[in-house]
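# Analysis of the macromolecular model
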Amino acid sequence: MGAETGTKRFPAELARAGEARHHIAWLAAAAGLRGEALHGLAVAAEALLTDVLLGSDGGVMEVFARSEGGLLRIEISHPTATGRVRGLEAVLERFLDGHELSPERSVLVKRLG
C-alpha cells in the first residue's frame, strides 16, 4: 500500500450493512497487518463504527487510510459524536497502538510489522 489510499465515502445505510467494516479490514490487510494485529484492528473498528452508527440518523461516513513511519492510521469522518458504546475507550486502548476521538472524526492507529 502506498502512503495514502484516498478517501472512500459510505452512505450510512451501506455502513450499517458492513461495507465500511469490510473496507477497513481490507485496508489493514493491504498495509501488511496479519494475524492478531489485523484481528485487533478489526475489533476496535467494529466498536467504533457501532458507536458512530448508533448515533447516526443518516449522512455519509468517510474512511481514509495512510501508512507512514511503520504506523497505519485509519481516519473515519462522521457526522455524529461518539459516546454511545459503553467502554469504547477501553476497547480502543486494548486493541490499538493509539487513537483519537472527536465529535466529527476518529483515528485508529496500529503498528505495522
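For the structure, check the block above.
Anyway, here's the lowdown on the structure attached to this text.

### A few points about the overall build of the chain
On a plain count of helices and strands, the chain comes out with four helices and five strands. Its helices and strands taken in sequence order, the chain reads β-α-α-α-β-β-α-β-β from the N to the C terminus. Taken against the 2.2 N^0.38 rule, which gives 13 Å for 113 residues, the C-alpha radius of gyration of the chain at 13 Å falls within 12% of a compact globule. Taken over the C-alpha atoms alone, the chain extends approximately 35 × 30 × 20 Å along its principal axes. Looking at the chain as a whole, 41% of its 113 residues are labelled buried. In the chain, 68% of the contacts between residues at least 6 apart in sequence involve partners at least 24 apart. Taken as a whole, the chain presents about 5,800 Å² of accessible surface, with 51% of it coming from carbon and sulfur. Once the 13 positive and 15 negative side-chain charges of the chain are each reduced to a mean point, those two points are 3 Å apart.

### Brief notes about helix α4 (residues 88-95)
Within the span of α4, buried status applies to Leu 88, Leu 92 and Phe 95. For α4, the angular spread of the buried residues around the axis is 85°, confining them to a single face. Every exposed residue of α4 that faces more than 90 degrees away from the buried side is listed here: Glu 93 and Arg 94. In this structure, the buried side of α4 is in contact with α3 (35-54), β4 (98-101) and β5 (105-111).

### Looking at the pattern of salt bridges
Under the definition given, this model contains eight salt bridges. The shortest N-O distance in the salt bridge between Arg 66 and Glu 75 comes to 2.7 Å. The closest approach of N and O atoms between Arg 73 and Glu 100, which form a salt bridge, is 3.5 Å. Taken as a pair, Arg 73 in strand β3 (residues 71-77) and Glu 100 in strand β4 lie far apart in primary sequence, 27 residues in all. The class for Arg 73 is buried, based on a relative accessible area of 19%.

Cut-off values and rules
Residues numbered from 1 in each chain as written. Predicted model: local features only at pLDDT ≥ 70, side-chain atom pairs only at ≥ 80, totals over all residues. Heavy atoms only, no water. Helix = DSSP H or I, 4+ residues; strand = E, 2+ residues; numbered from the N terminus. Rg over C-alpha atoms; globule rule 2.2 N^0.38 Å. Buried < 20%, exposed > 50% of the residue type's maximum accessible area, 1.4 Å probe, protein only. Contact = heavy atoms within 4.5 Å. Areas by Shrake-Rupley, 256 points an atom, 1.4 Å probe, with all protein chains shown as cover. Lys, Arg positive; Asp, Glu negative; His and termini not counted. Charge placed at Lys NZ, Arg CZ, Asp CG, Glu CD. Arc of directions from axis to C-beta. Salt bridge = Lys/Arg side-chain N within 4 Å of Asp/Glu carboxyl O.

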